[in-house]
Structures are given as structure tokens and as C-alpha cells.
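# Structural overview
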Amino acid sequence: QETTGKKAGISKIAKGFALCVAYASSIGGIATLTGTPPNLVLKDSVDKLYKANKEDPPISFANWMGFAVPLSFLVLLLAWVLLQVLFLSCTCCRKVDASRKKAIREAIQSQYNALGRISFAEVIVSILFVLLVVLWLSREPPESDGWGALFLDKKKITYVSDSTAAILIISLMFFLPAKVPNIFCWRNNSKPKFTPIMTWKTANEKVPWGIIVLLGGGFAIADASRISKLSDWVGAQLHVFKDYDPWIMNLIFCCIVAMATEVTSNTATANLLMPIMLEL
């Protein structure tokens, strides 16, 4: 009976961790502009609206994080409390015995040791990642001019965007070496070898091209809905909600989208409904 109880407890904890991974992906995805594709769908729609309305600033990496990071942290805390109560029965408040604590520490230490020493390529990738984040945050910071202001034309239209920084960093990965270059190997009459961090074979096999195609197709559907006036027509049919308070409308549409994403892709749902909500 004791063994059965332990197995049931482990099974319950395993379910909690599985849900933890799923919830954390969604919660962390809303924190940054590139965290999940629907955020990019929203930016595309808002940028098109911004072209017609110059009074509101466009969405940038910095001002998105200004409101999304606190929201993400709040939802993360609520999700942790929910999973803790449902699957761990508030065991975090109980004192863990010394033997169990030691076993947990040893398991974590063994996994850490299995990682080995940090490699040269990992250092370079870390530096590039930090550089990318700095470029994103400093391109168009709130209430000040960033480096994007250096690329304005006579009409005050910039030639750069967040994708400019991303393409720059990706291009560098095709040129920077994955191992410390041995510049003195010519003395041994051997030809120096150069292996970049990123190769086209790796990019071809690892990059999720399906998501890119899905995004591009979604943008095409959104443009087709706007040009054909389909989004205008559907938005007009939804005017029955015009007398409701905004928070009630928001709740209704959240429920509609939540049900739709149970059977369709989040990106596809955002691409289809964002222009309609914009017209409404």
C-alpha cells in the first residue's frame, strides 16, 4: 500500500511538471515580441494601422516588454500557485527531510556535471544573443531616440526594424568560428580548418520552416480579407456587441479565441481574427 501511494504521488507530480512546461511556454511567450508568432501577427496589424494614424507610436521590442513582462510575471505566479495546490498539495511549505534533500541535490549536481565545460561556440552564441537583445531594446526605446533614428529618410521613415538586427546576428553566425581558430597552424604545414557556428545544412534541418510558411500564409490571408472587405463585413456583423462594456466584449472574444485554438493553430487563429477585431 505504501508503494502504491508513492507511485500515485510520483504520477501526480509528473502530471504537474508536464502541465508546468505547457503553461510556461505560453506565459513566457507573451513576455517578448518574438516569444510567440501571434505577437508578430499583432505587430503587423498594428503597424498597418499606425501608417494611417501617426499619433500612436508603433510597437517596438522595448514598449512591448514594458507592459508584457509584468503581466507575464503575474500570470506565472498565479499558475505556480494553481499547480502547487492541485498537484503538490502545498508540500513546499513542509520541511523536507535531510536524506531526500541530499538525493535531490545529488541528482541536480549530476545533471549539471553531465553538461561539461562551456564551449567556445556557446560563449560566442551567448554574446550574440545579448547583443541581439541590446539592439532590439535600443532601436526605438520609449520617449527617446535609439540607433534606428540614424536610418531615417527625409520623410522621417526609418529603413530598419527589429528584423534588421536579427538578420545581422544570424549572418554573423555563418562567419564566426565554432572553435578557437589556430592561426599558427601553418607552421606545421597543415591547412587551417574553419567551421562556422551555423551552417546551411544545420539551418536547413533545424529551422522550423513550417512556422515561417504559416506566418507568411497568414499575412497573405489577412491582406486578402482586408482587400476583399471580408473583415469589414464580419466586423459589421459583430456590431451587435457595440452596446456592451469593453471588458465584457473582451471576455466574449477571449472565450471565442480560446475555443478556436483548441482545434486550430494559434498563429492561424490570430491571422484570421486580428483584422476582424481591428475593424470592429
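As the structure is a prediction and not an experimental result, all values here were calculated from the model.

With that settled, the discussion passes to the overall build of the protein. When its secondary structure is counted, the protein shows 11 helices and zero strands. Ordered by position from the N terminus, the helices and strands of the protein form the series α-α-α-α-α-α-α-α-α-α-α. By residue count, 21% of the 280 residues in the protein fall in the buried class. A fraction of 64% describes how many contacts in the protein between residues 6 or more apart in sequence connect residues 24 or more apart. For the protein, the accessible surface area stands at approximately 20500 Å², while carbon and sulfur atoms represent 67% of it.

The next point concerns the packing of aromatic side chains. Working definition: an aromatic ring pair is given by the centre-to-centre distance plus the angle between the planes. One pass over the structure, following the stated rule, counts three aromatic pairs. With a centroid separation of 4.6 Å and an interplanar angle of 25°, the aromatic rings of Phe61 and Trp136 are classed as stacked. Here Phe61, found in helix H3 (residues 61-88), pairs with Trp136, found in helix H5 (residues 120-139); they are 75 residues apart in sequence, far enough to count as distant. For the pair Phe61 and Trp136, one class covers both residues: buried. Between Trp200 and Trp209, the aromatic rings sit 6.1 Å apart at their centres with planes inclined by 55°, giving tilted as the arrangement. Classification of Trp209 by relative accessible area gives partly exposed; the value is 37%.

Packing of H5 against helix H6 (residues 162-173) brings their axes to within 9 Å, and their N-to-C directions diverge by 165°. By the angle between their directions, the pair H5 and H6 is classed as roughly antiparallel. Here H5 runs over H6; the crossing is right-handed. Residues Val125, Leu128, Leu131, Leu132, Leu135, Trp136 and Arg139 of H5 lie in contact with H6, whose contacting residues are Asp162, Ala165, Ala166, Leu168, Ile169, Leu172 and Met173.

What follows covers a nonpolar patch on the surface. Taken together, the side chains of Ile170, Phe174, Phe175, Trp200, Val207, Trp209 and Ile212 define a hydrophobic patch exposed on the protein surface, amounting to about 720 Å² of accessible area. Along the chain, Val207 falls in the loop between helix H7 (200-206) and helix H8 (209-227). For Val207, a relative accessible area of 30% gives the class partly exposed.

Another point: the layout of surface pockets. Taken as a whole, the second largest pocket spans an internal volume of roughly 1200 Å³. Lining the second largest pocket we find 27 residues, and of these Pro38, Cys254, Val257, Ala270 and Met274 sit closest to its centre. At the level of elements, helix H1 (2-29), helix H2 (37-52), H3, helix H10 (246-260) and helix H11 (266-279) are the ones that each hand at least two residues to the lining of the second largest pocket.

Turning our attention to the UniProt feature "transmembrane region" (unreviewed entry) in the protein. Mapped onto this numbering, the UniProt entry gives "transmembrane region" (unreviewed entry) at residues 16-35, 67-93, 114-137, 165-186, 207-227 and 247-274. Taken end to end, residues 207-227 is 90% helix and 0% strand, and its first and last C-alpha atoms sit 32 Å apart.

Moving on: H3. Along its length, H3 reaches its greatest deviation from straightness, about 30°, at Ala68, and the proline Pro70 lies no more than four positions downstream. Among the residues making up H3, those that are buried are Phe61, Ala62, Trp64, Ala68, Ser72, Ala79, Leu83, Gln84 and Phe87.

Rules of the game
- Residues numbered from 1 in each chain as written.
- Predicted model: local features only at pLDDT ≥ 70, side-chain atom pairs only at ≥ 80, totals over all residues.
- Heavy atoms only, no water.
- Helix = DSSP H or I, 4+ residues; strand = E, 2+ residues; numbered from the N terminus.
- Buried < 20%, exposed > 50% of the residue type's maximum accessible area, 1.4 Å probe, protein only.
- Contact = heavy atoms within 4.5 Å.
- Areas by Shrake-Rupley, 256 points an atom, 1.4 Å probe, with all protein chains shown as cover.
- Phe/Tyr/Trp six-rings, centres within 6.5 Å; stacked < 30°, edge-to-face > 60°.
- Axes fitted to C-alpha atoms, helices over the stretch in contact; angles between N-to-C directions.
- Parallel < 35°, antiparallel > 145°, perpendicular 65-115°, else oblique.
- Left-handed = near helix turned anticlockwise from the far one by under 90°.
- Patch = residues over 30% accessible without salt bridge, like charges linked within 9 Å, V, L, I, M, F, W, Y side chains within 5 Å.
- Salt bridge = Lys/Arg side-chain N within 4 Å of Asp/Glu carboxyl O.
- 1 Å grid on protein atoms, 1.4 Å probe; cavity = no way out; pocket = protein on both sides within 12 Å on 5 of 7 lines; lining within 4 Å.
- Points joined across faces, edges and corners; volume = space filled by probe spheres on them.
- UniProt positions renumbered as here; feature names shortened; annotations may be inferred.
- Bend = angle between axes of the 7 residues up to and from the residue.

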